[in-house]
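Now for the letters of each chain:
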Amino acid sequence: MPYAYDDQNIFARILRGEIPNKTVLETEHCLAFHDIRAQAPTHVLVIPRGAYVNFDHFIAEASDAEILDFNRAVAKVGEMLDLLPGTGGEGYRLIANSGPHSHQEVPHLHFHVLAGRPLGAMLVGPA
Ligand code: AMP
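Residues numbered from 1 in each chain as written. Predicted model: local features only at pLDDT ≥ 70, side-chain atom pairs only at ≥ 80, totals over all residues. Heavy atoms only, no water.

1. What about the side chain of Glu 66?
(1) Moving on: Counting through the fold element by element, Glu 66 comes out in helix H3 (residues 64–80).
(2) Moving on: Among buried Asp, Glu, Lys and Arg side chains, Glu 66 stands out as unpaired, with Arg 49 the closest opposite charge at 9.2 Å. (Helix = DSSP H or I, 4+ residues; strand = E, 2+ residues; numbered from the N terminus. Buried < 20%, exposed > 50% of the residue type's maximum accessible area, 1.4 Å probe, protein only. Lys, Arg positive; Asp, Glu negative; His and termini not counted. Salt bridge = Lys/Arg side-chain N within 4 Å of Asp/Glu carboxyl O.)

Laid out in structure tokens, this is it:
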């Protein structure tokens, strides 16, 4: 089974209300909240409510409505926090880790929205 989902992961527990979070946005299919160990002045996580391990799982099995809502939620967070360069914001970076080489720690799909300072080069270290 390529996409075995662990329903005890920390984001599943947040979605069930077992662990508190600092909510930024709630939509029908998504939740956005502040990362507990912020790596930039703005560090928000956007997660689907559905049980998806990572982005490829989500794209393979989520409904069109979930995929649309997720993308709109990510964009809405940028809008709410005045990050959008097209409307005077200073921009942001999206990161979605998937699998061991990416250093994914929590096995529930999440996009990191990072912003609030110059974020530097995309990766450090050799190719
Ligand atoms: P990743 O390495 O891409 O799986 O990122 C997981 C992120 O989840 C890290 O940036 C953690 O700081 C964050 N995180 C872990 N537990 C919590 C929590 N309870 N509330 C908010 N963010 C969390």
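2. Here's the deal with the site of the ligand
(1) Moving on: If you check the shell around the ligand, you find 16 residues, and the closest are Asp 35, Asn 97, Glu 105, His 110 and His 112.
(2) Moving on: Here a nitrogen atom of the ligand sits 3.1 Å away from a polar atom, N or O, in the main chain of Ile 36.
(3) Moving on: At 2.7 Å from an oxygen atom of the ligand is found a main-chain nitrogen or oxygen belonging to Glu 105.
(4) Moving on: Computed on the free molecule, the ligand has an accessible area of 500 Å², of which 91% lies beneath the protein chains in the complex.
(5) Moving on: One can see that the ligand is located within the largest pocket.
(6) Moving on: At the level of elements, helix H1 (10–15) and strand E2 (30–34) are the ones that each hand at least two residues to the shell around the ligand.
(7) Moving on: Tallying contributions element by element places H1 first for the shell around the ligand, with three residues.
(8) Moving on: By residue class, the composition of the shell around the ligand is seven nonpolar, six polar and three charged. (Near = heavy atom within 4 Å. Polar contact = N/O pair within 3.5 Å; in protein donor to acceptor, adjacent residues only side chain to side chain. Areas by Shrake-Rupley, 256 points an atom, 1.4 Å probe, with all protein chains shown as cover. 1 Å grid on protein atoms, 1.4 Å probe; cavity = no way out; pocket = protein on both sides within 12 Å on 5 of 7 lines; lining within 4 Å. Sits in = over half its atoms within 2 Å of the grid points. Nonpolar A, V, L, I, M, F, W, Y, C, P; charged D, E, K, R; others polar.)

3. A look at the sheet that holds strand E4 (residues 93–95)
Working definition: the strands of a sheet are paired by backbone hydrogen bonds and lie parallel or antiparallel to each other.
(1) Moving on: Across the sheet, which stays open at both edges, the five strands sit in the order E1-E2-E3-E5-E4 with antiparallel pairing between neighbours. The two strands at the open ends of the sheet, each matched to only one other strand, are strand E1 (23–26) and E4. Ignoring which end each strand starts from, the neighbouring axes of this sheet average 20° apart.
(2) Moving on: Two elements, strand E3 (residues 42–48) and strand E5 (residues 111–115), share five bridges in a ladder whose sense is antiparallel. (Pairing = 2+ DSSP bridges. Axes fitted to C-alpha atoms, helices over the stretch in contact; angles between N-to-C directions.)

4. Considering the layout of surface pockets
(1) Moving on: Size it by volume and the largest pocket reaches roughly 1,100 Å³.
(2) Moving on: Residue lining of the largest pocket: 35 residues in total, with Asp 35, Arg 37, Gln 39, His 43 and His 112 positioned closest to the centre.
(3) Moving on: Breaking the lining of the largest pocket down by element, the ones donating at least two residues are H1, E2, E3, E4 and E5.
(4) Moving on: By residue class, the composition of the lining of the largest pocket is 19 nonpolar, 10 polar and six charged. (Points joined across faces, edges and corners; volume = space filled by probe spheres on them.)

By themselves, these are just geometric observations and shouldn't be taken as functional.
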